[in-house]
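Observations on chain architecture
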Amino acid sequence: MTITENIRDIFPASNDIPPEFSLKKSLDQREYLVDGKLHIWQGEMEDSLSPIYLKTPKGLTQQKIGQFPCLSAQEALLTLEAAGKAYDYGRGKWPTMPVAQRIECVQDFAYRMKEKRDEVVNLLMWEIGKSYTDSCKEFDRTVDYIEDTIDALKNLDRVSSRFEITQGVIGQIRRAPLGIVLSMGPANYPLNETFTTLIPALIMGNTVIVKAPRPGVLLNYPLLEAFKEAFPPGVVNTIYGKGRTISPPLMESGRIDALAFIGSSKAANNLKKQHPKSYRLRSILGLEAKNPGIVLPHADLDLAIKECILGTLSYNGQRCTAIKILFVHKAIVDKFLDKFTTAISQLKFGMPWEEGVFLTPIAEPGKPQYLQDLVEDAKNHGAEVINEAGGTINETFFYPAVLYPVNDQMKVYWVEQFGPVIPIVPFENIETPIDYLVQSDYGQQVSIFGQNTEVIAQLVDPLVNQVCRVNINSQCQRGPDTFPFTGRKDSAEGTLSVHDALRAFSIRTLVAAKDIDLNKRLITEIVREHQSNFLSTDFIL
Ligand code: G3H
């Protein structure tokens, strides 16, 4: 069969689905977690529709996974009350708890979470169309992240378990929580990216309101009970529904101390503006990116093609770190295009559970049409789709379209497509891609492909001041999670990594006393009698 025929036949009938991956029944979630109780919502519900269609006698039918609550502003305010009560102006059980005990709660949660692996992985496939391999990776990486966070906090705590005496002043410096955190993750990494802010925020002693992304609500449903059991009431609260209904009452209250948001800069800007005292709000934001790949004349082409395929098309290009535009030197562009399009034609596409599948249906409503419009716009300005079947659509499936030659008149040159459209720009002068980065609204990462030491070295120096990670002969990516992940301009605010996130969700606070006998006696007694959790030299091993 040709690629086009395969695309026409991409969706299965229900009896083609392996039993271990089929949806047994509609998952109707009415519960939401507030103040340690699972409340049952009786109001408006929202359908969770899978990007997967099924062949039926009536034709292709979009599979419904289930439903989830569409909460109102009133429930949002209830979560705020609960998080506020649990924090109690820093006097609550959670923010004053010894670090070792908070770690135990998080460990307990991780233990309960691991038991839900199969359920969550299956829902990742159905809800956001992520392949089985990548869904497993997302789950396992999240569990690793929790474990690494615990280790990093133990290290941090050990360093803080000592007194410093400088210029006649005794001090103990630790990191303390900020208050109430609103954590909003993205639909492309609904588990991992939500947890990379949620877990550090929690473990540092903050109380949290979590808004799960849409799509991405139901895959968190199996974890609700674990949140309820592992943490004291009000420490984790969940809300669901439309951001424009739920977020304004929270932000306008002025009681959100930290906003952890992964999404668009426009939405982030709106959220921040809703806070009446913006200087009180700490923001940790992961936003858009348009990471370029630059292929130099002497690049190892096979290596460059391999990394550019991963970079542009892993999870259908729906990663903030994806390579979203390629600059290929004119001396090698013909060879590159030939090898690149051949490599694409060999990628397996199909349903997320199929072995070896690389390209899958897209969950974001309206996305295929948006991508098609970008392709049309590029064609109107002189580009062509150069790969077989490029841009072919079947419902939610969009087959990768390689656009060549792309120029600055085309929308796809500037906007973040967040999907399988690959614009390729030929260049002669290295100033072309450098200037692109200077002009771009984004500044996350870049990948450079080449073998000439001198050229690479000369590129690294200007590029590190344009973006926050320069990848050499490697695709752009976030991991390993111990590396700092951030961006310039409209791409991020704040830095995340296992180590940095603990700092992002806490503030340094200290106890200081002049080095006189009275103070030495007081401090010594407090420490010896274990009268304070803060003033303490206890070590967590
Ligand atoms: O969507 C943005 C993610 O942080 C990318 O992470 O590079 O590990 O896929 P990744």
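**So, the overall build of the protein chain**
Broken down by element type, the protein chain carries 18 helices and 25 strands. In terms of overall dimensions, the protein chain has C-alpha extents of about 80 × 60 × 40 Å along its principal axes. The 541 residues of the protein chain split such that 57% are buried. If you take every contact in the protein chain between residues at least 6 apart in sequence, the share linking residues at least 24 apart comes to 74%. Approximately 23,100 Å² of the protein chain is accessible, and the part contributed by carbon and sulfur atoms is 49%.

**Quick word on the sheet that holds strand β4 (residues 45–56)**
The mixed open sheet is built from 3 strands, whose spatial order is β1-β5-β4. At either end of the open sheet lies a strand with only one pairing partner, and these are β1 (27–28) and β4. Against the sheet, helix α5 (residues 117–128) touches β1, β4 and β5 (59–69), its axis set at about 80° to β4.

**Examining helix α10 (residues 265–274)**
Turning to α10, its buried residues are S265, A268 and L271. Relative to the axis of α10, the buried residues are bounded by an arc of 120° and lie together on one face. Facing away from the buried side of α10, by more than 90 degrees, are the exposed residues K266 and K273. Against the buried residues of α10 lie β8 (180–184), α9 (243–252), β11 (258–262) and β12 (282–286).

**Digging into the domain arrangement of the protein chain**
Along its sequence, the protein chain is carved into domain 1 (30–42 + 71–286) and domain 2 (291–485). Relative to domain 2, the C-alpha centre of domain 1 lies at a distance of 33 Å. Every contact between the two is made by 16 residues of domain 1 and, on the other side, 15 residues of domain 2. Buried surface at the junction of domain 1 and domain 2, both sides included, amounts to about 1,300 Å², of which 56% is carbon and sulfur. In terms of surface lost to domain 2, no three residues of domain 1 exceed G129, R141 and N188, which account for 30% of the buried area on that side. A salt bridge links E193 to R478, with the nearest nitrogen and oxygen atoms 2.9 Å apart.

**Remarks on the packing of aromatic side chains**
Scanning all chains against the criterion turns up 18 aromatic pairs. Ring centres of W126 and W353 lie 5.2 Å apart, and the angle between their planes is 35°; on these two criteria the pair is classed as tilted. Placement of W126 in helix α5 and of W353 in the loop between α12 (333–345) and α13 (367–380) is noted, with a sequence separation of 227 residues between them. As far as burial versus exposure is concerned, W126 and W353 are alike and both buried. Here Y413 and Y436 contribute two aromatic rings whose centre-to-centre distance is 4.9 Å and whose plane-to-plane angle is 85°, an arrangement assigned as edge-to-face. Pair noted here: Y413 is in helix α14 (residues 411–414) and Y436 is in helix α15 (residues 431–439), with a separation of 23 residues, a long-range link. The exposure classification of Y413 matches that of Y436, with both residues buried. Each member of the aromatic cluster is reached from another via a ring pair, and the members are W94, F109, F195, F227 and F231.

**Regarding the environment of L347**
Structurally, the position occupied by L347 is in the loop between α12 and α13. L347 gets classed as buried once you look at its relative accessible area, which sits at 16%. For the pair formed by L347 and S532, sequence separation is 185 residues and the distance between their alpha carbons is 60 Å. Other than its neighbours up to four places away in sequence, L347 contacts I309, L313, F358 and L359.

**Some details on the pairing of strand β18 (residues 401–404)**
Burial of the side chains of β18 extends over both faces: A401 and L403 are buried on one face and V402 and Y404 on the other. As defined by bridge partners, strand β15 (residues 384–385) adjoins β18 across 2 bridges and the pair is classed as antiparallel. When the sheet's bridge partners are listed, E384 is paired in β18 with Y404. Taken together, the 3 bridges between β18 and strand β19 (residues 421–427) define a ladder with parallel strand orientation. Among the inter-strand pairings, L403 is bridged to a residue of β19, identified as P423.

**Topic: the nonpolar core**
In terms of nonpolar packing, the biggest core is built from 133 residues, with F109, F195, F231, V295, F336, F340 and I424 touching the most fellow members. The element contributing the most residues to this core is helix α6 (residues 132–160), with 9 residues. Both domain 1 (30–42 + 71–286) and domain 2 (291–485) contribute no fewer than three residues apiece to this core. Those residues in contact with F109 that lie beyond four places of it in its chain are I146, F195, I199, L223, A226, F227, A230 and F231. Listed in part, the 30 residues of the second largest apolar core include I362, L374, A383 and A401.

**Side note on the side chain of S283**
Residue position: S283 is located in strand β12. What makes S283 buried here is its relative accessible area of 6%. Look past the residues within four positions of S283 in its chain and what remains in contact with it is L259, K272 and E493.

**Overview of the pattern of salt bridges**
Tallied over the full model, the rule gives 28 salt bridges. For the salt bridge of E147 with K114, the shortest nitrogen-to-oxygen distance reads 3.1 Å. Within this pair, whereas E147 is found in helix α6, its partner K114 is found in helix α4 (residues 99–114), the two being separated by 33 residues in sequence. Judged by relative accessible area, which is 34%, E147 ranks as partly exposed. Residue classification places K114 among the partly exposed residues on the basis of a relative accessible area of 42%. Linking R528 and E529 is a salt bridge whose minimum nitrogen-to-oxygen distance equals 3.8 Å.

**Some thoughts on the site of the ligand**
Residues in close proximity to the ligand include R141, N188, Y189, E193, R319, C320, T321, Q477, R478 and F485, which together make up its full environment. The separation between an oxygen atom of the ligand and a polar side-chain atom of R319 is 2.8 Å. T321 is positioned such that a nitrogen or oxygen atom in its side chain is 2.7 Å from an oxygen atom of the ligand. Out of a free accessible area of 310 Å², the ligand has 95% covered by protein chains.

The rules behind the values
Residues numbered from 1 in each chain as written. Predicted model: local features only at pLDDT ≥ 70, side-chain atom pairs only at ≥ 80, totals over all residues. Heavy atoms only, no water. Helix = DSSP H or I, 4+ residues; strand = E, 2+ residues; numbered from the N terminus. Buried < 20%, exposed > 50% of the residue type's maximum accessible area, 1.4 Å probe, protein only. Contact = heavy atoms within 4.5 Å. Areas by Shrake-Rupley, 256 points an atom, 1.4 Å probe, with all protein chains shown as cover. Pairing = 2+ DSSP bridges. Axes fitted to C-alpha atoms, helices over the stretch in contact; angles between N-to-C directions. Arc of directions from axis to C-beta. Domains from an automatic or database assignment. Buried area = accessible area lost by both parts, 1.4 Å probe. Salt bridge = Lys/Arg side-chain N within 4 Å of Asp/Glu carboxyl O. Phe/Tyr/Trp six-rings, centres within 6.5 Å; stacked < 30°, edge-to-face > 60°. Core = buried A, V, L, I, M, F, W, Y, C linked by side-chain atoms within 4.5 Å. Near = heavy atom within 4 Å. Polar contact = N/O pair within 3.5 Å; in protein donor to acceptor, adjacent residues only side chain to side chain.

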